[in-house]
Amino acid sequence: MSDLSANMQKLSVNDDASAPKTGAYIPPHVRARMATGGEAPQQQRGSYNNNTRGSFQNGGNSYGNSGNSGNSGYNSRPSYGGNNTRGSFGNNSYGNNRGFSGGDRRGPRDNYGRFVDGKHVPGPVNERTELELFGTQEDPQFQSTGINFDNYDDIPVEATGTDVPEPLLAFTSPPLEEHLITNIKLARYSKPTPVQKYSIPIVAAGRDLMACAQTGSGKTGGFLFPVLSQSFFNGPSSVPDDNQHKRFSYQTKSYPTALVLAPTRELVLQIFEEAKKFAYRSWVHPAVVYGGADIGQQIAQMRRGCDLLVATPGRLVDLLERGIVSLANIKYLVLDEADRMLDMGFEPQIRRIVEGENMPGVQERQTLLFSATFPKDIQELARDFLKDYVFLSVGRVGSTSENITQKIEYVEDYDKKSILLDILAADETGLKLIFVETKRMADALCDFLINEEFYATSIHGDRTQRERERALEMFKSGRAPILVATAVAARGLDIPNVTHVVNYDLPTDIDDYVHRIGRTGRAGNTGIATAFFNRGNKGVARELMDILKEANQEVPSFLETVARESSFGRGGSGRGGRGGRSNGPSRDSRSSGGYSQGGQRQQSSGGYSQGGSTGGHKSYGNQSSYGSGNGGGDSWW
Ligand SMILES: Nc1ncnc2c1ncn2[C@@H]1O[C@H](COP(=O)(O)OP(=O)(O)OP(=O)(O)O)[C@@H](O)[C@H]1O
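Rules of the game
- Residues numbered from 1 in each chain as written.
- Predicted model: local features only at pLDDT ≥ 70, side-chain atom pairs only at ≥ 80, totals over all residues.
- Heavy atoms only, no water.
- UniProt positions renumbered as here; feature names shortened; annotations may be inferred.
- Salt bridge = Lys/Arg side-chain N within 4 Å of Asp/Glu carboxyl O.
- Helix = DSSP H or I, 4+ residues; strand = E, 2+ residues; numbered from the N terminus.
- Buried < 20%, exposed > 50% of the residue type's maximum accessible area, 1.4 Å probe, protein only.
- Arc of directions from axis to C-beta.
- Contact = heavy atoms within 4.5 Å.
- Pairing = 2+ DSSP bridges.
- Axes fitted to C-alpha atoms, helices over the stretch in contact; angles between N-to-C directions.
- Near = heavy atom within 4 Å.
- Polar contact = N/O pair within 3.5 Å; in protein donor to acceptor, adjacent residues only side chain to side chain.
- Areas by Shrake-Rupley, 256 points an atom, 1.4 Å probe, with all protein chains shown as cover.
- 1 Å grid on protein atoms, 1.4 Å probe; cavity = no way out; pocket = protein on both sides within 12 Å on 5 of 7 lines; lining within 4 Å.
- Sits in = over half its atoms within 2 Å of the grid points.
- Nonpolar A, V, L, I, M, F, W, Y, C, P; charged D, E, K, R; others polar.
- Domains from an automatic or database assignment.
- Core = buried A, V, L, I, M, F, W, Y, C linked by side-chain atoms within 4.5 Å.
- Buried area = accessible area lost by both parts, 1.4 Å probe.

- Looking at an unreviewed UniProt entry, one finds the chain named RNA helicase and attributed to Nadsonia fulvescens var. elongata DSM 6958.
- Word for word, the UniProt comment on the chain under Sequence similarities (unreviewed entry) is "Belongs to the DEAD box helicase family. DDX3/DED1 subfamily."
- Quoted verbatim from the Catalytic activity (unreviewed entry) field of the UniProt record, the comment on the chain reads "ATP + H2O = ADP + phosphate + H(+)".

Here you go:
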């Protein structure tokens, strides 16, 4: 057991619902002094030794460097803090080469490849670009695989549908295009994860795909690899004559061949960064568009041309309305975190994009849906968007990775701050991500932590896009190793070295819990997820218990008690919430058969199940953002 785990066990304040009811907050160092009856022990937070609150270093505006500059890199408190700090970022030098300013974030690269006489001709090697994109093995800002990476191979895979292609075992050509393999090697990926093993031949065979795999198990590569590989093989599509389209020069609109839609701005940025890696030196020009960023820059970027477009639905609708993007050439449509996009009220925008514009119909394009959770309603959306698709699930749909040690602590609301400080003080290594339910709480908790001399920052829907990106960059670089976040950071974000996720407030939806804790324990690395639970969370008690059991985690007795109480009289149990989360192990809504374990294939009987309720949806937001380009409703987070 790691030191951290041992420390956490000691910290376990109570094992049952008979938790101490005294709520007066006593900071840990005072508690320690009380316990020893004298001098406080040595400061545990080594890096803050002798710090009084006023002594935070003002290291100037050093956002631009890429290393972890330690204390000297921090700004004085107001520059990374919570609600009272907005507007205080005066310096524009934070944009490093992995920059954050929207549109084409670095301008056109000079090393694109070409497609000549039916052949892909990669562009020249550019060592600087290579270093920016792929980093070095030692750079902690680049995720490397952990000790449990090989264990992914033991997760049972279910692939249903007609004539499911055989999975591949290694990154080989065929089916992958040679140049893509070169880029995969640069990314130091030695073998495909299970979702990639299946998705690559499925897409290569021209099939549609609905894929569900645990958080952190490589779904991004699961769609980027096959889409890029096929694109590298097939070359660009010719462009309709209605536009004096000139590749690589100014044009009135862009005609991407691949479109990736994802729910949050941060997630589309991240997918774009991954796309840049794997499209390096190829003919494919990736681009990203999302709300909250300068639309003028994005329009200019679209006019410079783009082949693979990563977008949030709201901003894409805006660009479509302005006639800046045409979907006439789309061959590949990817919906990442598809269920979240529906939750956020993006369905009208998605339907507008997929059905209301000039995108080729379902028979003419390939469509891929990816997520770690798949409530039934998304499977129903698949009826309209997918054709004869393969349903792929790696592990049980909605299950959590065993790489994450889950701890549930009974903590009354009034004790949460105190326990959080204990957790943060117990281990200074790695990055800590703390989830709260509301934007207000995110600001308040962030300010509290800063007052307690922790380097914290926050991310939520009320911060400007610039502040959100800066907060994320501070967190990633370790300059603010604590990030207080609302659900806006729950999905998809891949931040290396997040060692601990704390659900300070548990979400009301268990799928959200699954995604939140999935910010740790990624790519075979291990991590800890602690949740503060009290009777106010009884609505998720049963589902939480199921999740813990499934992942072979300890189930505290208070959770069983509360789960029993809350399900009593409800006439049902289990994970049936949120639009009819599937109770049985088989999740392919077309399938009438059972569950196939261990990679066994099972053919679907065909015919869609209409049985799932779509009721009970949490509405995250503001559907009125339709067409505003600012992304779907993040009204409370
Ligand atoms: N074949 C591979 N070999 C090594 N590392 C990989 C491989 N595929 C992906 N990774 C790494 O694993 C990490 C997680 O991948 P990714 O972000 O695609 O996960 P995900 O399944 O999309 O997670 P989430 O459900 O949270 O969105 C990334 O840092 C990625 O670089």
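After that view of the structure, there is still more to cover.
As for the pattern of salt bridges
Then, number 1: Summed over the entire model, instances satisfying the criterion amount to 27 salt bridges.
Then, number 2: Residue glutamate 321 pairs with arginine 352 through a salt bridge whose shortest N-O separation is 3.1 Å. In this pair, glutamate 321 sits in helix H9 (residues 313-321) while arginine 352 sits in helix H11 (residues 347-355), placing the two residues 31 residues apart along the sequence.
Then, number 3: Overall, glutamate 321 belongs to the partly exposed group, its relative accessible area being 45%.
Then, number 4: A salt bridge links glutamate 467 to arginine 463; its shortest N-O distance comes to 3.8 Å.
Then, number 5: Connected through shared salt-bridge partners, Glu337, Asp339, Arg340, Arg491 and Asp512 make up one network.

Concerning helix H8 (residues 295-303)
Then, number 1: Taken together, the buried positions of H8 are Ile295, Gln298, Ile299, Gln301 and Met302. Down the axis of H8, the smallest arc covering the buried residues is 160°, so these residues share one side.
Then, number 2: Considering only its buried residues, H8 is in contact with strand S6 (286-289), strand S7 (308-311) and H9.
Then, number 3: Just downstream of H8, glycine 305 is the residue with a positive phi angle, here 100°.

Considering the UniProt feature "domain: DEAD-box RNA helicase Q" (unreviewed entry) in the chain
Then, number 1: Mapped onto this numbering, the UniProt entry gives "domain: DEAD-box RNA helicase Q" (unreviewed entry) at residues 169-197.
Then, number 2: Regarding residues 169-197, the helix share stands at 45% and the strand share at 0%, and the terminal C-alpha atoms are separated by 6 Å.

Digging into the pairing of strand S8 (residues 332-336)
A regular strand places its side chains so that they alternate between the two faces of the sheet.
Then, number 1: Here S8 lies mainly inside the structure; five of its five residues are buried.
Then, number 2: The alternating pattern of S8 places Tyr332, Val334 and Asp336 on one face and Leu333 and Leu335 on the opposite face, and all of these are buried.
Then, number 3: Across four bridges, strand S5 (residues 258-261) lies against S8 in parallel orientation. Across the sheet, valine 260 pairs through a bridge with valine 334, a residue of S8.
Then, number 4: The pairing of S8 with strand S9 (residues 366-371) spans five bridges and is parallel. The partner of leucine 335 across the bridge, within S9, is leucine 369.

Quick notes on the sheet that holds strand S15 (residues 498-503)
Then, number 1: Strand order in the open sheet formed by six strands is S11-S16-S15-S12-S14-S13, and the pairing between neighbours is parallel. Of all the strands in the sheet, just strand S11 (404-410) and strand S13 (456-459) have a single pairing partner and so form its edges. If you compare each strand with its neighbour and ignore which way they point, the axes differ by 20° on average.
Then, number 2: Of the strand pairs in this sheet, strand S12 (residues 431-435) and S15 are connected by five bridges, and their pairing is parallel.

Re the UniProt feature "domain: Helicase C-terminal" (unreviewed entry) in the chain
Then, number 1: Following the UniProt record, the feature "domain: Helicase C-terminal" (unreviewed entry) maps to residues 403-563 here.
Then, number 2: Annotation note: span residues 403-563, helix share 39%, strand share 20%, distance between end C-alpha atoms 25 Å.

Overview of the site of the ligand
Then, number 1: For the ligand, the set of nearby residues contains 22 residues, the closest of which are Tyr189, Lys191, Lys219, Asp494 and Arg522.
Then, number 2: Tyrosine 189 places a polar side-chain atom, nitrogen or oxygen, 2.5 Å from an oxygen atom of the ligand.
Then, number 3: One nitrogen or oxygen atom from the main chain of glycine 216 is found 2.8 Å from an oxygen atom belonging to the ligand.
Then, number 4: Contact with the protein chains covers 95% of the free accessible surface of the ligand, which is 640 Å².
Then, number 5: The cavity where the ligand resides is the largest pocket.
Then, number 6: For the shell around the ligand, a count of residues per class yields five nonpolar, eleven polar and six charged.
Then, number 7: Taken domain by domain, the makeup of the shell around the ligand includes at least three residues from each of domain 1 (110-238 + 252-395) and domain 2 (404-565).

A few points about the nonpolar core
Then, number 1: The biggest cluster of nonpolar side chains holds 55 residues, and the ones touching the most others in it are Leu228 and Leu308.
Then, number 2: With seven residues, helix H7 (residues 265-278) is the largest single contributor of residues to this core.
Then, number 3: When residues no more than four places from it in sequence are discounted, the contact partners of leucine 308 are Leu224, Leu228, Ala258, Val260, Ala275, Val284, His285, Pro286 and Ala287.
Then, number 4: By size, the runner-up hydrophobic cluster in this structure holds 41 residues, among which are Ile330, Leu369, Ala382 and Val397.

Examining the domain arrangement of the chain
How large an interface is tends to be reported as the accessible area lost when its parts come together.
Then, number 1: Per the domain assignment, the segments of the chain are domain 1 (110-238 + 252-395) and domain 2 (404-565).
Then, number 2: Computed over C-alpha atoms, the centres of domain 1 and domain 2 are 28 Å apart.
Then, number 3: Summing the contributions of domain 1 and of domain 2, the shared interface buries around 2,400 Å²; its carbon and sulfur component is 46%.
Then, number 4: For domain 1, the biggest contributors to the area lost against domain 2 are Gln143, Glu266 and Arg340; these three give 28% of the whole.
Then, number 5: For the pair domain 1 and domain 2, the number of links is four salt bridges.
Then, number 6: A salt bridge links glutamate 337 to arginine 491; its shortest N-O distance comes to 3.1 Å.
Then, number 7: Scanning the region where domain 1 abuts domain 2 turns up 14 residue pairs in polar contact (both at pLDDT 80 or more).
Then, number 8: Broken down by secondary-structure element, the contributors of at least two residues to the side of domain 1 that touches domain 2 are H7 and helix H10 (338-343).

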